[in-house]
Amino acid sequence: MSTLTHHDVLVVGGGNAGISLAAKLQRLGCRDVALVEPKAVHHYRPLLSYVAGGEATLDDLRRPQADVVPDGCTWYQDRVVAVDADRSTVRLASGRELTYGDLAVCPGSEVDWDAIPGSREAVGTASASTSYTPELAVETWAMLSALTAGRAVFVISDQHVPCAPVGLKPLFMAADHWRRTGVLGAIEIELVVEADRLVREERADGELRTAAESYGVALRTGTAVEAIDPSARTLRLRTPDGAAETRYDALYLAPPHRAPAWVAASGLDADGSDGFVAVDPSTLQHVAHPRVWGLGDVATVATSPSGGALRKQVPVVAENIAARRRGRPMRRYDGYSVAPVTTSRRRLLLAEFDREGRPEPTLSVPDLVRPRLSTWAFDRYLEPLVYWHQLLKGKVS
Ligand SMILES: Cc1cc2nc3c(=O)[nH]c(=O)nc-3n(C[C@H](O)[C@H](O)[C@H](O)COP(=O)(O)OP(=O)(O)OC[C@H]3O[C@@H](n4cnc5c(N)ncnc54)[C@H](O)[C@@H]3O)c2cc1C
């Protein structure tokens, strides 16, 4: 039997975007915020790269979801299965229906194993892995640290991968480990990147290419993986010069991602949005439904999706909900995003850029695009604290 409950603002997804937004809305005075999130455990996902590089454990990045849901926010531990924006109604897996004044849609994206035939089977073997799921992040370091000779191939897809350049972190941490343990000379490293750059910001791209060269990495850009044969341990590639094949002993994937299927089934997508929630990239308001908002990895924000980007998106959505209600001008999001990438086990560069890939540094000094020990220490140890104590508490402006 369906029961109908109304909330002033309903947030779908209690990840980085949803929790930060719920907290920010409360700070702005919204008294009835509800959240739908099925999982009992919250992950600080950026540390998954360090798990894959042998520098963190899953315990370092997990907290009970109950600890991060803001006090006073109603939490439905359930899953959204459909949205009917014409009736302002959301249906949950339990059959319950909720109505809303405004709806913020932020269920993130999911790995699309179907996009590369053979990829699901490949990561089921000990020779292939990814940092993009918690269990496989652990397996990634087991695989990379066990390799002492042979071919290591790293693949970075350009299909909606959250914070894609961080897929390079396991490569650089492993290469540094191989150098320190004296086996780097026996390992051929190949990096296959679907985009034309390793990161959108030009100077950071140059730094990363230099770092890759220093480990003898053979780099292919503009190259997509079409299929994987896990039994032969080969990849079929589509390169700018045509089809090619490459062999691996260890394979790391930053795999293609897709939006949850119910987004398109509910009509929240649009032509060209590839199944993602179609929002105005500046205001984050849905293109057809003014009381629906999209942010985070599921939204068409026309920039590289990242947790860092949410620092700017969350206040925009929270303030624009109020602005719409009062008929005031909306605040705009300029497409700011970040890419923190390790170049060794103790150095990291931070690229910050706008929608066009132009530099948008938060600090003018020091130059964070140069790899530094201090920036690495911030990313590995301080940023998680900022996440738990500031971002998830809605302390963003
Ligand atoms: C390995 C890895 C490393 C990363 N490193 C960095 C980094 O160093 N720096 C950086 O800035 N960003 C990084 N990111 C990106 C960052 O984690 C994401 O951009 C951010 O988590 C996006 O937040 P989100 O809330 O949109 O999605 P998520 O954090 O994925 O949260 C979505 C939530 O929605 C829930 N959900 C899903 N479906 C439903 C449903 N049907 N109903 C209700 N709830 C649902 C999920 O359970 C989940 O809790 C990394 C990501 C990964 C995977």
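### Section: the domain arrangement of the protein
According to the domain assignment, the protein consists of domain 1 (4-109 + 259-331 + 389-393) and domain 2 (111-257). Here the C-alpha centroids of domain 1 and domain 2 sit 30 Å apart. With 20 residues of domain 1 at the interface, the matching set in domain 2 holds 18 residues. At the boundary of domain 1 with domain 2, total buried surface from both sides reaches about 1,600 Å², with 65% on carbon and sulfur atoms. Summed over the three residues of domain 1 that lose the most area to domain 2, namely Leu-48, Ser-49 and Ala-52, the buried surface amounts to 29% of that side. Remark: the boundary between domain 1 and domain 2 carries 0 salt bridges. Joining domain 1 to domain 2, the criterion identifies 2 residue pairs in polar contact (both at pLDDT 80 or more). Sorting elements by how many residues they give to the side of domain 1 that touches domain 2 places helix H2 (residues 47-52) first, with 5 residues. Tallied by class, the residues present in the side of domain 1 that touches domain 2 amount to 7 nonpolar, 8 polar and 5 charged.

### Brief notes about the packing of helix H6 (residues 168-180) against helix H7 (residues 202-214)
Packing of H6 against H7 brings their axes to within 10 Å, and their N-to-C directions diverge by 35°. As for the relative orientation of H6 and H7, their crossing is left-handed in sense. Together, Leu-168, Phe-172 and Arg-179 of H6 and Leu-208, Ala-211, Ala-212 and Ser-214 of H7 make up the contact between the two elements. Partitioned by chemical class, the residues of the contact of H6 with H7 number 5 nonpolar, 1 polar and 1 charged.

### Details of unusual backbone geometry
The omega torsion of the bond from Val-365 to Pro-366 falls at -5°, within 30 degrees of zero and hence cis. If you check the backbone angles, His-160 has positive phi at about 60° while not being a glycine. If you trace the backbone, His-160 turns up in the loop between strand E11 (150-156) and H6. One non-glycine residue, Arg-233, adopts positive backbone phi at about 55°. In this fold, Arg-233 is placed in the loop between strand E14 (224-229) and strand E15 (234-239).

The rules behind these values
Residues numbered from 1 in each chain as written. Predicted model: local features only at pLDDT ≥ 70, side-chain atom pairs only at ≥ 80, totals over all residues. Heavy atoms only, no water. Domains from an automatic or database assignment. Contact = heavy atoms within 4.5 Å. Buried area = accessible area lost by both parts, 1.4 Å probe. Salt bridge = Lys/Arg side-chain N within 4 Å of Asp/Glu carboxyl O. Polar contact = N/O pair within 3.5 Å; in protein donor to acceptor, adjacent residues only side chain to side chain. Helix = DSSP H or I, 4+ residues; strand = E, 2+ residues; numbered from the N terminus. Nonpolar A, V, L, I, M, F, W, Y, C, P; charged D, E, K, R; others polar. Axes fitted to C-alpha atoms, helices over the stretch in contact; angles between N-to-C directions. Left-handed = near helix turned anticlockwise from the far one by under 90°.

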